[in-house]
Amino acid sequence: MKFDVLTLFPETFELVMKESIIGRAQEKGLVEVNAIDIRDYTKDKHRKVDDYPFGGGSGMVMMCQPVFDAFRAVTQGLDTKPRVIFMSPQGRVLTQKMAVELSKEEHLILLCGHYEGIDERIIEELVDEEISIGDYVLTGGELPAMVLIDCVSRLIPGVLSSEGSFSDESHFNGLLEYPQYTRPAEYEGRPVPEILLSGHHANIQKWRAEQSLERTRKKRPDLYEEYLKGK
Ligand SMILES: NC(=O)c1ccc(NC2CCCC2)nc1
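Quick caveat: nothing in here was measured; it's all calculated off a predicted structure.

Q: What's the story with the sheet that holds strand β2 (residues 32-37) in this structure? I'm lost.
A: Strand pairing in a sheet relies on backbone hydrogen bonds, with the paired strands running either antiparallel or parallel. Across the sheet, which stays open at both edges, the five strands sit in the order β2-β1-β6-β5-β8 with parallel pairing between neighbours. Edge positions in the sheet fall to β2 and β8 (129-132), since each has one partner strand and no second. Averaged over neighbouring strand pairs, the angle between their axes works out to 35 degrees when direction is ignored. Looking at chain direction, strand β1 (residues 2-7) and strand β6 (residues 107-111) are connected through five bridges and run parallel. When the sheet's bridge partners are listed, Leu6 is paired in β6 with Leu111. Its contacts with the sheet place helix α1 (residues 10-17) against β1 and β2, and it is angled at close to 160 degrees to β2. Here helix α6 (residues 142-153) sits on the sheet in contact with β1, β2, β5 (83-93), β6 and β8, set at roughly 175 degrees to β1.

Structure below.
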């Protein structure tokens with residue numbers, strides 16, 4: 001899986017994306033994250049990437065030319081146009097289901113805006129879909145892009161050592177995950193639920209399924225409703 005990220009802050013990506021799981025996935029050649037500096041594609045000597053909004057208003061807007069040319073540089077020579085995602089508060093809110101879909105793509109281009117936004121013609125012409133990581137506004141699309149890369153990459157076979165653990169994790173089966181415990185069996189007088197020490201795998205599985213249902217009903221009644229409908 002290849003992510004080409006069009007951004008004004010490529011170094012932020014290199015820092016975060018070479019760490020831990022994503023870093024190891026890149027070393028294994030399972031994931032490739034390229035940060036492309038939009039500013040490298042400006043045409044003027046001041047490397048200008050933004051300008052005042054037509055019609056007035058506060059803040060600056062990212063201009064078309066550097067983004068169009070950065071996009072063309074990334075896509076030239078490709079026989080198919082990769083899916084282009086603009087990280088935006090107006091986008092479809094990212095869910096685990098969407099992450100599973102996206103993890104099946106070979107190549108994604110993520111566009112990170114800054115300032116007050118980007119020229120609408122970029123969205124009309126280049127963007128296939130807008131994705132949001134939640135209903136709040138950020139100063140840039142870089143953090144949302146890193147969130148998307150993280151939750152998509154971990155679904156790619158070989159990226160996580162403990163594969164197959166997806167079926168139980170939160171949101172995978174539409175429910176929240178059961179509680180997790182590790183050694184010691186008692187910490188400052190707080191015991192681990194007996195059932196987990198019993199070695200009865202069938203009973204443990206049953207207990208975990210009940211816990212998932214119970215905590216989803218309590219913490220996320222919306223998901224619980226969905227889950228009951230789907231049954
Ligand atoms: N909720 C989000 O995923 C999100 C994405 C981008 C953003 N800000 C960017 C969008 C264009 C200029 C700054 N804010 C919020």
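Q: So what exactly am I meant to see when it comes to the environment of Asp150 here?
A: Secondary-structure assignment places Asp150 in helix α6. You can call Asp150 partly exposed: its relative accessible area is 40%. For the pair Asp150 and Ile21, spaced 129 residues apart in sequence, the C-alpha separation works out to 8.7 Å.

Q: What exactly am I supposed to notice about the packing of helix α7 (residues 201-219) against helix α8 (residues 221-230) here?
A: Between two packed helices, what matters for the description is the angle formed by their axes and the separation of those axes. Taken N-terminus to C-terminus, the directions of α7 and α8 make an angle of 125 degrees; their axes are 5 Å apart at the nearest point. Between α7 and α8, the angle is such that the two are oblique. Residues Leu213, Thr216, Arg217, Lys218 and Lys219 of α7 touch α8, and the partners they reach there are Pro221, Leu223, Tyr224 and Tyr227. When grouped by side-chain class, the residues that make up the contact of α7 with α8 number five nonpolar, one polar and three charged.

Q: Quick question: what am I supposed to make of unusual backbone geometry here?
A: Most peptide bonds take the trans configuration, and most residues that are not glycine carry a negative phi. Of note, the amide linkage connecting Arg183 to Pro184 takes the cis form, showing an omega dihedral of 5 degrees. Tracing the chain through its elements places Pro184 in the loop between α6 and β9 (186-187). Phi is positive for Glu188, close to 50 degrees, though the residue is something other than glycine. Positionally, Glu188 belongs in the loop between β9 and β10 (190-191).

Reading the values: the criteria
- Residues numbered from 1 in each chain as written.
- Predicted model: local features only at pLDDT ≥ 70, side-chain atom pairs only at ≥ 80, totals over all residues.
- Heavy atoms only, no water.
- Pairing = 2+ DSSP bridges.
- Helix = DSSP H or I, 4+ residues; strand = E, 2+ residues; numbered from the N terminus.
- Axes fitted to C-alpha atoms, helices over the stretch in contact; angles between N-to-C directions.
- Contact = heavy atoms within 4.5 Å.
- Buried < 20%, exposed > 50% of the residue type's maximum accessible area, 1.4 Å probe, protein only.
- Parallel < 35°, antiparallel > 145°, perpendicular 65-115°, else oblique.
- Nonpolar A, V, L, I, M, F, W, Y, C, P; charged D, E, K, R; others polar.

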